[in-house]
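Examining the three-dimensional arrangement
Here's the letter readout for the chains.
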Amino acid sequence: MQTIRGFRDILPEHISLWQKVEREAFALFESFGFKEIRIPVLEKTDLFARSIGETTDIVEKEMYTFADRKGGHLTLRPEATASICRSYIQHKMYATDPLRKFYMTGPMFRRERPQKGRYRQFYQIDAEVFGVESAYIDAELIFLLNELFKRLGLTGLTAHVNSLGCPECRPSFQRALLDFLGEKKEALCENCTRRIQKNPLRILDCKVETCQRALQGAPATIDHLCPACDDHFAIVRTTLKKQGVEFMVDKSLVRGLDYYTRTAWEIKTTTLGAQSAVAGGGRYDGLVKELGGPATPAIGFAIGFDRLVEVMEQLEIASPPPPLDLFIIALGDAAREQAYHWSCQLNQRGIRTEVDFREKSLKSLMKRADKLNAAHVLIAGENELKKNQLILRNMETKNQTSLSIDTLVPELLKILKS
Ligand code: ATP
Ligand code: MG
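Below you will find a few notes about this structure. Bear in mind that the values here come from a model prediction, so they are computed numbers and not experimental data.

1. Details of the overall build of the chain
Secondary structure assignment for the chain yields 16 helices and 16 strands. Radius of gyration (C-alpha) of the chain: 28 Å, far over the 22 Å computed for a compact globule of 418 residues. For the chain, the C-alpha atoms occupy an extent of roughly 95 × 50 × 45 Å along the three principal directions. Taking all 418 residues of the chain together, 51% fall into the buried category.

Encoded structure:
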């Protein structure tokens, strides 16, 4: 049996970087007042279709959707924002305290062409803020991402920032875009031809080369911002500049989801080839209302966890797990029974201890102690038990200490805790 295409196992020997990222990210989120939320993997299809947008790649061709037994349609979540909005509305969080900050991590599912940095089940680390319109939140989220990547030791990243405007400025931009596309319509792909009617902004995100070529010199959203959006974006830029957070204004950046308004950004890396975005985010001030809640400004981002780890591996950033404190070599049934209890007692007191309960020779168990990188080895053979004298070997200094069984656990605690 094999995993299905685009799905993969993440094996224990690769997990330490994942854990390091989670530790650093969650600590930083908590420090800024974010709270963890856990949402289901499966939702009604309608939730994603309505929020991400009917004419987006995700909804048009990438979702894992199936008919439920009772007729409705369900979808494996392709992203987290829609579900977190649903939860915010469903639990009427806006009524008790409209300002909420959430973070989560978990698998997302999109049926795209698998390649390096692109999987059908992939992981995101997600953060969302509800209820704040102030541009300082936009700056704070970009700062937070920058800080996280700095703490993780990442280099070679660039933040691309843009403003997509609001419903106020959208019509003027769409008119300019449609004018520009005028005689170029022939060059557009079939999808984009359809999008012209439904959602012209989507065309800017099309990956088809002929469309990309036709779009050279196309009008940009930031040249059509209303005064309020213009001011908002100016605060984001000056705040980041003042802090020394590096970014570039990228007029051509449009995210692949329809709900974005105002600030949108992507963090790109130079180390992963075509799959260059390691994180993306933006404002979605209209989405909570669109999904049936009260008008609530909101903003968030998602980090591509798989890609982030791949960048860290390329940069040879390591995170070795803490070594084993003690490996007990127990030879014979009587020794194994004793070793079992010692190990449990030591682990209860926070000493990382392991016993290999198989019937193996001293030599092969010493080899295992080496492989496990144990700091100490306790040797309990039949002779040692008879003499009531066990040998504790410090694997680094090679010093050996003789310990009596009667006071073994307290003695070990004293030595190993220091
Ligand atoms: P891309 O342009 O690379 O397809 P996207 O705009 O579809 O990215 P988002 O929906 O914004 O991505 O998701 C945020 C992040 O999740 C991306 O920046 C990327 O790092 C990661 N991501 C998206 N799709 C995949 C995938 N299929 N496999 C692995 N990571 C992914
Ligand atoms: Mg995509």
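That was the structure; now back to the text.
2. Thoughts on helix α6 (residues 135–151)
Across its 17 residues, α6 extends 24 Å between first and last C-alpha, which sits within 8% of the 24 Å expected from 1.5 Å per residue. Every buried residue belonging to α6 is among Ala135, Ile137, Asp138, Ala139, Leu141, Ile142, Leu144, Leu145, Glu147, Leu148 and Phe149, and all of these are buried. Near the N-terminus of α6, the side chain that reaches the backbone nitrogen of Tyr136, with its oxygen 3.1 Å away, is that of Ser134. Of the residues trailing α6, Gly153 is marked for its positive phi of about 85 degrees.

3. Details of the side chain of Thr353
Mapped onto the fold, Thr353 is located in strand β13 (residues 353–355). With near-sequence residues (within four places) excluded, Thr353 lies in contact with Leu324, Leu326, Ile328, Ser343, Leu346 and Asn347.

4. Some points on the sheet that holds strand β14 (residues 376–380)
Pairing between the strands of a sheet comes from backbone hydrogen bonds, and it takes one of two forms, parallel or antiparallel. The strand order β13-β12-β14-β15-β16 describes an open sheet built from five strands, whose pairing is mixed. Each edge of the open sheet is held by one strand with a lone partner, namely β13 and β16 (400–403). When the angles between neighbouring strand axes are averaged without regard to direction, this sheet yields 20 degrees. As judged from the three bridges shared by strand β12 (residues 326–330) and β13, these two strands associate in the parallel manner. Counted as the bridge partner of Leu326 is Thr353 from β13. On top of the sheet, helix α13 (residues 333–348) reaches β12, β13, β14 and β15 (390–394); it is set at about 165 degrees to β12, its chief contact. Running at roughly 170 degrees to β12, helix α14 (residues 362–371) makes contact with β12, β14 and β15 of the sheet.

5. What about the side chain of Ser319?
Take Ser319: it is sitting in the loop between α12 (305–314) and β12. A relative accessible area of 12% means that Ser319 is categorised as buried. If sequence neighbours within four positions are ignored, Ser319 has contacts with Ser16, Leu17, Lys20 and Arg23.

6. Description of helix α7 (residues 170–181)
Look at α7: 16 Å from first C-alpha to last across twelve residues, which is about the 16 Å you get at 1.5 Å a residue. Among all positions of α7, only Arg170, Phe173, Ala176, Leu177, Phe180 and Leu181 are buried. Down the axis of α7, the buried set is contained in an arc of 130 degrees. They therefore lie on one face. Exposed and facing more than 90 degrees away from the buried side of α7 are Arg175 and Asp179. The inward-facing, buried residues of α7 contact α9 (209–214) and β9 (261–269).

7. Notes on the site of ligand 1
Near ligand 1 you find 15 residues, and of these Arg110, Glu112, Tyr119, Arg255 and Ala277 are the closest. In this structure, an oxygen atom belonging to ligand 1 sits 2.7 Å away from a side-chain N or O atom of Arg110. The separation between an oxygen atom of ligand 1 and a polar side-chain atom of Arg307 is 2.9 Å. Burial of ligand 1 by the surrounding chains reaches 90%, relative to a free accessible area of 580 Å². Of all the secondary structure elements, the ones that give two or more residues to the shell around ligand 1 are β6 (121–130), β10 (277–283) and β11 (298–304). Ranked by the residues each element gives to the shell around ligand 1, the list is headed by β10, at three residues. When grouped by side-chain class, the residues that make up the shell around ligand 1 number seven nonpolar, three polar and five charged.

8. Let's talk about the state of the cysteines
Taken as a whole and assessed by the stated rule, the structure comprises zero disulfides. The thiol sulfur of Cys189 is not disulfide-bonded, and the nearest other cysteine sulfur, from Cys192, lies at 3.6 Å. In this structure Cys189 comes out as buried when scored by relative accessible area, which is 15%.

9. Comments concerning unusual backbone geometry
Working note: non-glycine residues mostly have negative phi, and peptide bonds are mostly trans. For Lys92, which is not a glycine, the phi torsion comes out positive at approximately 50 degrees. Within the secondary structure, Lys92 is located in the loop between α4 (81–90) and α5 (93–96). At Arg262, a residue that is not glycine, the phi angle is positive and equals roughly 50 degrees. Within the secondary structure layout, Arg262 lies in strand β9.

10. What to know about the nonpolar core
Most often, soluble globular proteins have nonpolar side chains that are buried together. Core analysis: the biggest nonpolar cluster contains 52 residues, and Phe29, Phe149, Trp265, Phe301 and Ile303 have the highest contact counts within it. With nine residues, α6 is the largest single contributor of residues to this core.

Conventions we followed
- Residues numbered from 1 in each chain as written.
- Chains lettered and ligands numbered in written order.
- Predicted model: local features only at pLDDT ≥ 70, side-chain atom pairs only at ≥ 80, totals over all residues.
- Heavy atoms only, no water.
- Helix = DSSP H or I, 4+ residues; strand = E, 2+ residues; numbered from the N terminus.
- Rg over C-alpha atoms; globule rule 2.2 N^0.38 Å.
- Buried < 20%, exposed > 50% of the residue type's maximum accessible area, 1.4 Å probe, protein only.
- Expected span 1.5 Å × (residues − 1).
- Polar contact = N/O pair within 3.5 Å; in protein donor to acceptor, adjacent residues only side chain to side chain.
- Contact = heavy atoms within 4.5 Å.
- Pairing = 2+ DSSP bridges.
- Axes fitted to C-alpha atoms, helices over the stretch in contact; angles between N-to-C directions.
- Arc of directions from axis to C-beta.
- Near = heavy atom within 4 Å.
- Areas by Shrake-Rupley, 256 points an atom, 1.4 Å probe, with all protein chains shown as cover.
- Nonpolar A, V, L, I, M, F, W, Y, C, P; charged D, E, K, R; others polar.
- Disulfide = S-S within 2.5 Å.
- Core = buried A, V, L, I, M, F, W, Y, C linked by side-chain atoms within 4.5 Å.

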